[in-house]
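Residue strings, one per chain:
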Amino acid sequence: MCGIMGYVGPRPASPIILQGLKRLEYRGYDSAGVAVADDGVIEMRKAAGKLERLADLLDESAPSGRLGIGHTRWATHGAPTDENAHPHADPEQAFAIVHNGIIENFFELKAELTAAGRTFASETDTEVLVHLIADEYDGDLAEAVRRAVGRATGAYALVAMTVHEPDTLVAVRMISPLVIGFGDGETFLASGIPALLDHTREVLVMEDGEMVTITPGEVRMEKLDGTPVERESFEVDWDVEQAEKGGYPHFMLKEIFEQPRVIADSLLGRLDGTDVTLEDVTWDEEFERSLEKIWITACGTAFHAGLAGKEMFEGLLRVPTEAVYAHELRYRDPIVGPNSMTLAISQSGETADTLAGARLLHERGSRLVAITNVVGSALTHYSDDVVYTRAGLEISVASTKAYTAMLIAQYLLALRIGQSRGVLDTAMAMDVARALEALPGQVESLLKREEGIDEMARYLGAQLAEKDDIYFIGRGLDYAVATEGSLKLKEISYLHSEAMPAGELKHGTLALITEGTPVIVVNTQQHVYDKTVSALQEVKARGASVIAVAYDDDTEIEHYTDHVLRIPRTMDLLSPALSIVPLQLLAYHVADTRGLEIDQPRNLAKSVTVE
Ligand code: M6R
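What comes next is a walk through the structure. Everything numeric in this text was worked out from a predicted model, so none of it was measured. (Residues numbered from 1 in each chain as written. Predicted model: local features only at pLDDT ≥ 70, side-chain atom pairs only at ≥ 80, totals over all residues. Heavy atoms only, no water.)

## Concerning the pattern of salt bridges
Then comes step 1: Taken as a whole and judged by the stated rule, the model has 37 salt bridges.
Then comes step 2: Between Lys-254 and Glu-258 there is a salt bridge, with its nearest N and O atoms 3.0 Å apart. Grouping residues by exposure puts Lys-254 and Glu-258 together as buried.
Then comes step 3: With a closest N to O distance of 2.6 Å, Arg-566 and Glu-558 form a salt bridge.
Then comes step 4: Judged by relative accessible area, Glu-558 falls into the partly exposed class, the value being 42%. (Salt bridge = Lys/Arg side-chain N within 4 Å of Asp/Glu carboxyl O. Buried < 20%, exposed > 50% of the residue type's maximum accessible area, 1.4 Å probe, protein only.)

## Examining the packing of aromatic side chains
Two aromatic rings are characterised by how far apart their centres lie and by the angle between their planes.
Then comes step 1: Tallied over the entire structure, the rule returns six aromatic pairs.
Then comes step 2: With 3.8 Å between their ring centres and 25° between their planes, Phe-303 and Tyr-325 make a pair best called stacked. Taken together, the residues span a long stretch of sequence, with Phe-303 in helix α10 (residues 300-317) and Tyr-325 in strand β18 (residues 321-325) at a distance of 22 residues.
Then comes step 3: When its relative accessible area of 6% is taken as the criterion, Phe-303 is described as buried.
Then comes step 4: Here Lys-110 stacks its cationic end above the ring of Phe-120, 4.9 Å away from the centre of that ring. (Phe/Tyr/Trp six-rings, centres within 6.5 Å; stacked < 30°, edge-to-face > 60°. Helix = DSSP H or I, 4+ residues; strand = E, 2+ residues; numbered from the N terminus. Lys NZ or Arg CZ within 6 Å of the ring centre and 35° of its normal.)

## Description of the side chain of Ser-486
Then comes step 1: Residue placement: Ser-486 occurs in helix α17 (residues 477-493).
Then comes step 2: Setting aside residues no more than four positions away along its own chain, Ser-486 makes contact with Phe-472, Ser-497, Glu-498 and Ala-499. (Contact = heavy atoms within 4.5 Å.)

## Some details on the environment of Gly-33
Then comes step 1: Here Gly-33 shows up in strand β2 (residues 31-38).
Then comes step 2: Sequence separation between Gly-33 and Ala-55 is 22 residues; the distance between their C-alpha atoms is 9.3 Å.
Then comes step 3: Here Gly-33 is in contact with Leu-21, Arg-45, Lys-46, Leu-54, Ile-69, Gly-70, His-71, His-86 and Pro-87, once residues within four sequence places are set aside.

## Considering the site of the ligand
Then comes step 1: Around the ligand lies a shell of 14 residues, among which Ser-346, Gln-347, Ser-348, Thr-351 and Glu-491 are the nearest.
Then comes step 2: In the environment of the ligand, an oxygen atom lies 2.4 Å from a nitrogen or oxygen atom belonging to the side chain of Thr-351.
Then comes step 3: Protein burial of the ligand: of its 410 Å² of free accessible surface, 90% is covered by the chains.
Then comes step 4: At a threshold of 2 Å from the grid points, most atoms of the ligand map onto the second largest pocket.
Then comes step 5: Where the shell around the ligand is concerned, the elements lending two or more residues are α10 and α17.
Then comes step 6: Residue classes in the shell around the ligand are distributed as five nonpolar, seven polar and two charged.
Then comes step 7: When residues of the shell around the ligand are sorted by domain, at least three fall in each of domain 2 (253-447) and domain 3 (449-593). (Near = heavy atom within 4 Å. Polar contact = N/O pair within 3.5 Å; in protein donor to acceptor, adjacent residues only side chain to side chain. Areas by Shrake-Rupley, 256 points an atom, 1.4 Å probe, with all protein chains shown as cover. 1 Å grid on protein atoms, 1.4 Å probe; cavity = no way out; pocket = protein on both sides within 12 Å on 5 of 7 lines; lining within 4 Å. Sits in = over half its atoms within 2 Å of the grid points. Nonpolar A, V, L, I, M, F, W, Y, C, P; charged D, E, K, R; others polar. Domains from an automatic or database assignment.)

## Topic: the nonpolar core
Then comes step 1: Membership of the largest hydrophobic core comes to 90 residues, with the highest contact counts inside it found for Phe-313, Leu-343, Leu-415, Leu-436 and Leu-583.
Then comes step 2: Counting only domains with at least three residues in this core, you end up with domain 2 (253-447) and domain 3 (449-593).
Then comes step 3: Residue contacts for Leu-436: discarding those within four places in its chain leaves Leu-267, Leu-271, Ile-408, Tyr-411, Leu-412, Leu-415 and Leu-574. (Core = buried A, V, L, I, M, F, W, Y, C linked by side-chain atoms within 4.5 Å.)

## Examining the environment of Thr-351
Then comes step 1: Relative to the assigned elements, Thr-351 resides in the loop between β19 (340-346) and α12 (352-363).
Then comes step 2: Thr-351 gets classed as buried once you look at its relative accessible area, which sits at 14%.
Then comes step 3: Sequence spacing of Thr-351 and Ala-326 is 25 residues, and the spatial spacing of their C-alpha atoms is 9.5 Å.
Then comes step 4: Not counting chain neighbours up to four residues away, the residues in contact with Thr-351 comprise Cys-299, Ser-346 and Val-608.
Then comes step 5: Among the polar contacts made by the side chain of Thr-351, one reaches the side chain of Ser-348 at a distance of 3.5 Å.

## What to know about empty space enclosed by the protein
Gaps between atoms show up when a probe of the same size as a water molecule is rolled over them.
Then comes step 1: Within the structure shown, the criterion is met by two cavities of 30 Å³ or more.
Then comes step 2: Its boundaries defined by the atoms lining it, the largest cavity holds a volume of some 60 Å³.
Then comes step 3: Forming the walls of the largest cavity are Cys-2, Arg-73, Trp-74, Ala-75, Thr-76, His-77, His-86, His-99, Gly-101, Thr-124, Asp-125 and Thr-126.
Then comes step 4: Its residues assigned to classes, the lining of the largest cavity comprises three nonpolar, seven polar and two charged.
Then comes step 5: Considering only enclosed or pocket space, the second largest cavity measures out at about 40 Å³ in volume.
Then comes step 6: Along the walls of the second largest cavity sit Trp-74, Ala-75, Thr-76, Thr-372, Asn-373, Tyr-388, Thr-389 and Arg-390, which together make up its complete lining.
Then comes step 7: Taken domain by domain, the makeup of the lining of the second largest cavity includes at least three residues from each of domain 1 (3-244) and domain 2 (253-447). (Points joined across faces, edges and corners; volume = space filled by probe spheres on them.)

## With respect to the pairing of β18
Then comes step 1: Bridge analysis of strand β17 (residues 293-298) against β18 gives five bridges, and the strand direction is parallel. For Ala-298, the partnering residue across the bridge sits in β18 and is Tyr-325.
Then comes step 2: Chirality of the crossover, the property in question, places the unit of β17, α10 and β18 among those that are right-handed. (Pairing = 2+ DSSP bridges. Right-handed = clockwise from strand over helix to strand, strands pointing away.)

## What about the packing of helix α14 (residues 401-420) against helix α15 (residues 426-448)?
Then comes step 1: It is the contact of α14 with α15, at a shortest axis distance of 10 Å, that shows an interaxial angle of 160°. Our classification of the angle between α14 and α15 gives roughly antiparallel. Relative to α15, the crossing made by α14 is left-handed. Residues Ile-408, Tyr-411, Leu-412, Leu-415 and Gln-419 of α14 pack against Ala-429, Val-432, Ala-433, Leu-436 and Leu-439 of α15.
Then comes step 2: In the contact of α14 with α15, the residues fall into nine nonpolar, one polar and no charged. (Axes fitted to C-alpha atoms, helices over the stretch in contact; angles between N-to-C directions. Parallel < 35°, antiparallel > 145°, perpendicular 65-115°, else oblique. Left-handed = near helix turned anticlockwise from the far one by under 90°.)

## Structural notes on the environment of Met-161
Then comes step 1: Positionally, Met-161 belongs in strand β7 (residues 154-162).
Then comes step 2: For the pair Met-161 and Leu-141, spaced 20 residues apart in sequence, the C-alpha to C-alpha distance is 7.5 Å.

Below is the structure:
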């Protein structure tokens, strides 16, 4: 998730673009840049790091042209360096583009362009697009962009410019957002409305497959197939802060609702039938076949994603898998045998404990694989391989979309390794692949469904907000989800909650269950369904008030529970990606009812870089 900005008008472009990028920093901030058409050349300024670095560069010398593009980056391909920062230009610097999204067939395109003699200055997928546009150009930028994107697949919003047409910007939207702002004799393009609000409130949101050509006197919209598009602009009445949150009251809620997109992005270009391609994974099939042990190490939410991974890897791959809190691991003396792999999971890639735990296993000979959301983060520096989670910038301290993306990364690994090891036959691999592909739509429908999972969570959240102690139970993968549901609740609502395997209740915690004690049960795993129901009956008999998370077509669960949060049916293996959603919403609404500071809970930080 990156932020892009474009300007055509009578004023110097650089300060307007910089101001817009500042408003888009919530979308990513690991590097930034601008390109401005200035006296027959394209002048670029780019800098890794926060936007202030670009601001300093522009303070020293800003190009003075009146048409330009800018970008604030959240890296997906290539580390956050000056070279990988956008805009990207062709070697002659005759064309420049900014891009938000992922070019799915970037490997093939890059190979093709390299074979044709093109050289690349960055590791980004974006750079292939600017080469394609340069290749296709024969005097009409819009036509060149149209033909270039016709060769690319994936999700993108891009804005292109060329020295040959120094008063023209061409932009295309395919899945990633793009908005046009209409000012007085000037036109703006941006990834989000916040970037426009300092200049105009008249906006038009582009739709997938649309293209716009902007010159000083004209804004021409059309579909990629050339059909003209006529759509009215509208007036925005949000303030900047509301706009940054996309109209949601908190980033946490916005990020929960982003999960369908995050899952889709995480799968983009990686799953083809049952074939799994992971860009930064370099091991060969022999390594997968000879794998004897998987270690998983992480903290907090990332650890809970790893707990689900442990269940899934053992179940699917039949490889012994151990999930260990990194802060425990680092002071243990782990026995690391041959042929092991360590999955170090961390949204930030900077968590001190995770780095230390991962290093220890690496030093003892385990192949280190980072699963992280931050390209070029510390963890990636000494990992042998990386699987990036593509969740985009996560602002809320309470992690939601990054958790889901961590699950998807592990599913992809399991699907790939399972096939190499021959433990997943074609039919089973196909079932998993199809179920994965269905997930974005299922999460979307869960969040949108008419009866309203969010409404239900709000209603139940208001009741739970009155309680002191809340218990979460489940078995197997459902237990893994229960741990995350419980953490979400406690970290933002400040209520005591704990999660335990459903079978553990009777060994002590049952003593705490009295009339009205809330117990939240996740019950999606068919092989232990009845066992979990027995645990429910035990708590019900002691007066507990039970909320279940269960499949839509589960008609039995309501006999043992007070309320049911329904999720679409999927393979049991994949249910965590769905069952976590109502629990995230529940936690959110409990905290909201209690009037708490949801995005920045007390005593917590987004990434814990000290021991
Ligand atoms: O950046 P990391 O994934 O390594 O962070 C690990 C934990 O600090 C983090 O997941 C924390 O538990 C979250 N605030 C939970 O919402």
